[in-house]
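Fold and contact review
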Amino acid sequence: MNRDLARHWLGLGHYVGLQYSPTIPKGSADEKHCADGDRCRIYHMDASTAVMKAFEDFGGIDLVVHGIEGLDEFAQWEEDSIGLAEAISKLFESVHQLNRVALKRFNGQRHGQLLFLLRHGGRVASPIMNAGKLALMGAIAEECRSTIIVQAISLAEGTEMAEPVSRRKAKKPMAVTEWFDTLDVVIAAGRSLHGQNIQIGG
């Protein structure tokens, strides 16, 4: 999903930076999904360092996105509940550090947009991460009303958001490209949707 979004924005002519955990090995997949070296950079480093590097490489950033972690909380709870707690703690620490750096840089350039991307339904579900990021988004939105725009966007997977009884009557799920086109409209709305959680699909 995150790579698809990067390709979508590159196709529109935007500059894009992708952050990967340093534990993820570099490979051909990176080059495949980020072939344009002038407009796309890949950072194999922790989130806060990647944001600082991206601000330097691009001479400023208009939008920082918290992507979808892909953590299946239900499956991991059954297999290793303690390990799940540790994983969530590490993820939130990364989110916190990224926010700290991004907000400081946004304040310096006197503009910026921070987007929390969440996913509901599908094969992977992360309700704890979703709830935590939504709470964090609301808190940041309250503190940053003047120059920084903060939003959350929840991507639903069509019929998988509906109750089992009503799934047969649900509308056809949105295609990925429709999600991203709608997401672009929400981002462009900017200040009018500051501090909001907007659901796309479902």
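Residues numbered from 1 in each chain as written. Predicted model: local features only at pLDDT ≥ 70, side-chain atom pairs only at ≥ 80, totals over all residues. Heavy atoms only, no water.

Observations concerning the pairing of strand β1 (residues 16-20)
Burial along β1 is one-sided: Val16, Leu18 and Tyr20 are buried, and none of Gly17 and Gln19, which face the opposite way, are. Of the strand pairs in this sheet, β1 and strand β2 (residues 40-44) are connected by 5 bridges, and their pairing is parallel. Residue pairing across strands places Leu18 opposite Ile42, the latter belonging to β2. (Buried < 20%, exposed > 50% of the residue type's maximum accessible area, 1.4 Å probe, protein only. Helix = DSSP H or I, 4+ residues; strand = E, 2+ residues; numbered from the N terminus. Pairing = 2+ DSSP bridges.)

Re the layout of surface pockets
When its volume is computed, the largest pocket comes out at roughly 1,600 Å³. Around the largest pocket, the lining comprises 47 residues; the ones closest to its centre are Gly17, Leu18, Gln19, Val65 and Gly67. Those elements giving two or more residues to the lining of the largest pocket turn out to be α1 (2-11), β1, α3 (47-58), β3 (63-66), α5 (81-109), β4 (112-120) and α7 (176-189). (1 Å grid on protein atoms, 1.4 Å probe; cavity = no way out; pocket = protein on both sides within 12 Å on 5 of 7 lines; lining within 4 Å. Points joined across faces, edges and corners; volume = space filled by probe spheres on them.)

Focus on the pattern of salt bridges
Side chains that carry opposite charge are capable of pairing whenever their charged atoms lie near each other. Applying the stated rule across the entire model yields 4 salt bridges. Close ionic contact of Arg7 with Asp4 constitutes a salt bridge, the shortest N to O distance being 2.3 Å. Remark: Asp4 and Arg7 occur in helix α1; sequence separation between them is 3 residues, near one turn of the helix. Look at Asp4 and you get partly exposed, because its relative accessible area is 28%. Residue Asp57 is joined to Lys53 by a salt bridge in which the shortest nitrogen-to-oxygen separation is 3.0 Å. Of this pair, Asp57 and Lys53 both sit in helix α3, 4 residues apart, which is roughly one turn of that helix. Assessed through its relative accessible area of 27%, Asp57 is described here as partly exposed. Each member of the salt-bridge network shares a partner with another, and the members are Arg41, Lys53 and Asp57. (Salt bridge = Lys/Arg side-chain N within 4 Å of Asp/Glu carboxyl O.)

Concerning the nonpolar core
Core analysis: the largest hydrophobic core is formed by 24 residues, its most contacted members being Val64, Phe106, Leu114, Phe116, Ile140 and Val150. Of all the secondary-structure elements, those providing two or more residues to this core are α3, α5, β4, α6 (127-143) and β5 (148-156). Here this core takes 6 residues from α5, the largest share from any one element. Ignoring sequence-local partners within four residues, the contact set of Phe116 consists of His66, Val95, Asn99, Lys133, Leu136, Met137, Ile140, Val150, Gln151, Ala152 and Ile153. Listed in part, the 20 residues of the second largest apolar core include Val16, Ile68, Leu115 and Phe180. (Core = buried A, V, L, I, M, F, W, Y, C linked by side-chain atoms within 4.5 Å. Contact = heavy atoms within 4.5 Å.)

Observations regarding a negative patch on the surface
Where like charges cluster on the molecular surface, the negative patch consists of Glu78, Glu79, Asp80 and Glu86. Here Glu78 shows up in helix α4 (residues 73-79). (Patch = residues over 30% accessible without salt bridge, like charges linked within 9 Å, V, L, I, M, F, W, Y side chains within 5 Å. Areas by Shrake-Rupley, 256 points an atom, 1.4 Å probe, with all protein chains shown as cover. Lys, Arg positive; Asp, Glu negative; His and termini not counted. Charge placed at Lys NZ, Arg CZ, Asp CG, Glu CD.)

A look at the sheet that holds β5
Pairing in this open sheet of 4 strands is parallel, and the strands run β3-β4-β5-β6 from one edge to the other. Pairing within the sheet leaves two strands with one partner each, and these edge strands are β3 and β6 (197-200). Sheet twist, expressed as the average angle between the axes of neighbouring strands with direction ignored, equals 25°. As defined by bridge partners, β4 adjoins β5 across 9 bridges and the pair is classed as parallel. Looking at β5, one finds that Leu118 is bridged to Ser154. Relative to the sheet, α6 contacts β3, β4, β5 and β6, its axis offset from that of β4 by approximately 160°. (Axes fitted to C-alpha atoms, helices over the stretch in contact; angles between N-to-C directions.)

A look at empty space enclosed by the protein
Over the atoms rolls a probe the size of a water molecule, and in doing so it shows where empty space is left. Considering all chains together, one arrives at 1 cavity of 30 Å³ or more under this definition. The computed volume of the largest cavity comes to approximately 90 Å³. Around the largest cavity sit 13 residues that line it, and Ile68, Gly70, Arg119, Ser126 and Asn130 are the ones nearest its centre. Put simply, the parts of the chain that give the lining of the largest cavity at least two residues each are β4 and α6. Split by residue class, the lining of the largest cavity holds 7 nonpolar, 3 polar and 3 charged. (Nonpolar A, V, L, I, M, F, W, Y, C, P; charged D, E, K, R; others polar.)

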